[in-house]
Amino acid sequence: MAPVIKLSSGYDMPQVGFGLWKVDTAVASDVVYNAIKAGYRLFDGACDYGNEKECGEGVARAIAEGIVKREELFIVSKLWNTFHDGERVEPIVKKQLADWGLEYFDLYLIHFPVALEYVDPSVRYPPGWHYEGDEIRPSKATIQETWTAMEGLVGAGLARSIGISNFQSQLIYDLLRYAKIRPATLQIEHHPYLVQQELLNLAKREGIAVTAYSSFGPASFLEFNMQHAVKLTPLIEDETIKKIAAKYGKQPSQVLLRWATQRGLAIIPKTTRPAIMAENLSSTDFDLSAEDLAVITSFDRGIRFNQPSNYFPTELLWIFG
Ligand SMILES: NC(=O)c1ccc[n+]([C@@H]2O[C@H](COP(=O)([O-])OP(=O)(O)OC[C@H]3O[C@@H](n4cnc5c(N)ncnc54)[C@H](OP(=O)(O)O)[C@@H]3O)[C@@H](O)[C@H]2O)c1
């Protein structure tokens with residue numbers, strides 16, 4: 001079993017979980033079912049991934065077959081940008097829970113600190129970034145309004161813990177001024193090309209657990225033909241990472257994951273291949289030396305892949321500026 005991280009909400013979160021972005025609806029049910037069989041207990045979903053219903057079917061099958069109980073699972077989902085207006089939060093969480101076939105989420109995150117105009121699920125679901133065509137329409141909701149509604153989810157028993165994703169320090173400092181319930185976790189892009197040490201320092205200091213996404217760096221973004229991803233050496237093929245892996249008798253991918261968990265972060269690697277599921281899950285069964293950790297950390301180039309302007313042309317969404 002993977003180690004756990006104690007959250008400020010009092011709940012334990014598995015340190016190694018399973019990511020659900022880009023898991024096709026045609027296979028999502030089987031992928032989740034197989035991942036539960038492989039030993040995963042945390043699943044990282046989102047409205048935006050468009051596969052919550054199918055993922056829920058995989059969970060239901062595993063529960064029906066007695067492989068796992070609901071209370072042994074840790075299901076994470078996220079609030080999409082078009083549902084930030086205070087009155088939209090609870091209804092959409094209820095829809096997402098119904099899609100999963102669940103009564104509560106273990107953790108519910110604000111996906112991005114960007115409020116966009118509401119799009120009704122009957123019009124388009126998931127709504128994506130654009131209101132219509134290529135038009136981006138902001139909403140007036142502040143993060144305080146959205147966070148207050150998120151706090152309401154805990155009171156209503158719809159989410160056990162709440163957190164944030166893709167937030168940076170300045171906004172976190174602000175949120176902590178008014179939060180009645182502090183964010184239990186912060187989910188961020190984190191790999192050796194994007195270490196974000198100061199943000200991690202802040203999270204540690206404030207007792208916010210951090211989850212790393214896209215732990216293999218450019219690998220996840222090649223399919224979007226992002227030029228800076230294509231041009232970089234894939235981290236799992238990097239000679240230094242390969243040498244370190246050989247020294248421990250591990251895969252380069254396991255070294256990248258262990259680097260993150262030894263730095264105290266949770267990880268949520270995604271794969272549709274059962275053999276790789278096991279490999280990623282077992283990545284906490286060895287320890288890198290302090291020297292090797294430092295070598296990997298020194299790869300930092302501040303290179304970020306997951307930002308809207310890398311997916312489509314926009315002058316409106318400079319979230320990480
Ligand atoms: N909050 C956010 O804004 C945000 C953004 C991005 C991601 N996330 C979350 O983080 C999760 C993980 O990030 P990610 O999906 O970007 O990418 P990732 O876990 O870095 O995986 C990238 C690709 O690497 C391959 N892979 C996985 N394990 C491997 C291994 N051991 N060796 C070689 N290749 C391997 C997978 O392909 P195969 O399937 O072919 O194995 C996958 O497509 C997501 O699924 C999602 O839940 C959150």
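Residues numbered from 1 in each chain as written. Predicted model: local features only at pLDDT ≥ 70, side-chain atom pairs only at ≥ 80, totals over all residues.

(A) Main features of the overall build of the protein. Looking only at helices and strands, the protein features 11 helices and 10 strands. Its C-alpha atoms give the protein a radius of gyration of 19 Å, near enough to 20 Å, the size a compact globule of 321 residues would have. Across the 321 residues in the protein, those meeting the buried criterion constitute 44%. Within the protein, contacts between residues at least 6 apart in sequence are counted, and of these 73% link residues at least 24 apart. (Helix = DSSP H or I, 4+ residues; strand = E, 2+ residues; numbered from the N terminus. Rg over C-alpha atoms; globule rule 2.2 N^0.38 Å. Buried ≥ 20, exposed ≤ 12 C-beta atoms within 10 Å, placed from the backbone. Contact = placed C-beta atoms within 7 Å.)

(B) Spotlight on the site of the ligand. Taken together, 27 residues lie near the ligand, and Gly19, Tyr213, Ser220, Ser253 and Thr271 sit nearest. The element that contributes the greatest number of residues to the shell around the ligand is helix α10 (residues 274-281), accounting for 3 residues. By residue class, the composition of the shell around the ligand is 9 nonpolar, 13 polar and 5 charged. (Near = placed C-beta within 6 Å. Nonpolar A, V, L, I, M, F, W, Y, C, P; charged D, E, K, R; others polar.)

(C) Structural context of the nonpolar core. With 73 residues, the main nonpolar core has Phe43 and Tyr108 as its most contacted residues. Once residues lying within four places of it in the same chain are set aside, the contact partners of Tyr108 are Ser77, Leu79, Val93, Met150, Leu153, Ala159 and Ile162. Phe112, Val114, Ala115 and Leu116 belong to the second largest nonpolar core, which has 5 residues in total. (Core = buried A, V, L, I, M, F, W, Y, C linked by C-beta atoms within 7 Å.)

(D) A look at the UniProt feature "site: Lowers pKa of active site Tyr" (unreviewed entry) in the protein. Per the UniProt entry, the sites bearing "site: Lowers pKa of active site Tyr" (unreviewed entry) are Lys78 in this numbering. Checked against the element boundaries, Lys78 lands in strand β5 (residues 74-79). Not counting chain neighbours up to four residues away, the residues in contact with Lys78 comprise Ala46, Cys47, Asp48, Leu109, His111 and Ser165. (UniProt positions renumbered as here; feature names shortened; annotations may be inferred.)

(E) Just the UniProt feature "active site" (unreviewed entry) in the protein, in detail. This chain's UniProt record puts "active site" (unreviewed entry) on Tyr49. Residue position: Tyr49 is located in the loop between β4 (42-44) and α2 (52-64). Assessed through the 23 C-beta atoms surrounding it within 10 Å, Tyr49 is described here as buried. The contact partners of Tyr49, leaving out residues within four places of it in the chain, are Leu20 and Trp21.

(F) Helix α3 (residues 86-100), seen in detail. End to end, α3 covers 22 Å across 15 residues, agreeing with the expected 21 Å (1.5 Å per residue, within 8%). Those residues of α3 that sit buried are Arg88, Val89, Val93, Gln96, Leu97 and Trp100. Each buried residue of α3 lies within a common arc of 160° when the element is viewed along its axis, so the set occupies one face. Residues of α3 that are exposed and angled more than 90 degrees away from the buried face: Glu87 and Pro91. Buried-residue contacts for α3 involve α2, β5, β6 (105-110), α4 (143-155) and β7 (159-165). (Expected span 1.5 Å × (residues − 1). Arc of directions from axis to C-beta.)

(G) Expanded view of the sheet that holds β4. Ordered by their spatial adjacency, 8 strands build an open sheet running β3-β4-β5-β6-β7-β8-β9-β10, and the pairing between neighbours is parallel. A single partner strand is all that each edge strand has here, and the edge strands are β3 (18-19) and β10 (266-267). Seen against the sheet, α4 touches β6 and β7 and runs at an angle of roughly 155° to β7. (Pairing = 2+ DSSP bridges. Axes fitted to C-alpha atoms, helices over the stretch in contact; angles between N-to-C directions.)

(H) Examining the packing of helix α1 (residues 25-38) against α2 more closely. Close contact between α1 and α2 brings their axes to 7 Å; oriented N to C, the two are set at 35°. Our pair here, α1 against α2, has a crossing hand that is right-handed. Contact with α1, carried on its side by Thr25, Ala28, Ser29, Asp30, Val31, Val32, Tyr33 and Ile36, involves Glu54, Cys55, Glu57, Gly58, Val59, Arg61 and Ala62 of α2 and no other residues of that element. Here the contact of α1 with α2 is built from residues that sort into 8 nonpolar, 3 polar and 4 charged. (Left-handed = near helix turned anticlockwise from the far one by under 90°.)

(I) Here's a closer look at α10. Considered for burial, the residues of α10 that qualify are Met277, Asn280 and Leu281. The buried residues of α10 occupy an angular sector of 95° when the element is viewed end-on, so they sit on one face.

(J) Inspection of the pairing of strand β9 (residues 209-213) at higher detail. Counting buried positions along β9 yields 5 of 5 residues, so the element is predominantly enclosed. Across the two faces of β9 the burial is the same, with Ala209, Thr211 and Tyr213 and Val210 and Ala212 all buried. Across 5 bridges, strand β8 (residues 185-189) lies against β9 in parallel orientation. Each bridged residue has a counterpart across the sheet, and for Glu189 the counterpart in β9 is Tyr213.

(K) Summary view of the environment of Gly249. For Gly249, the location among the structural elements is in the loop between α8 (239-248) and α9 (252-262). Accessibility expressed as a C-beta count within 10 Å gives 8 for Gly249, which makes it exposed. Residues Gly249 and Phe286, 37 residues apart in the sequence, show an inter-C-alpha distance of 9.8 Å.

(L) Up close: the environment of Trp21. Examined against the element boundaries, Trp21 turns out to sit in the loop between β3 and α1. With 17 C-beta atoms packed within 10 Å, Trp21 lands in the partly exposed category. When residues no more than four places from it in sequence are discounted, the contact partners of Trp21 are Tyr49 and Lys270.

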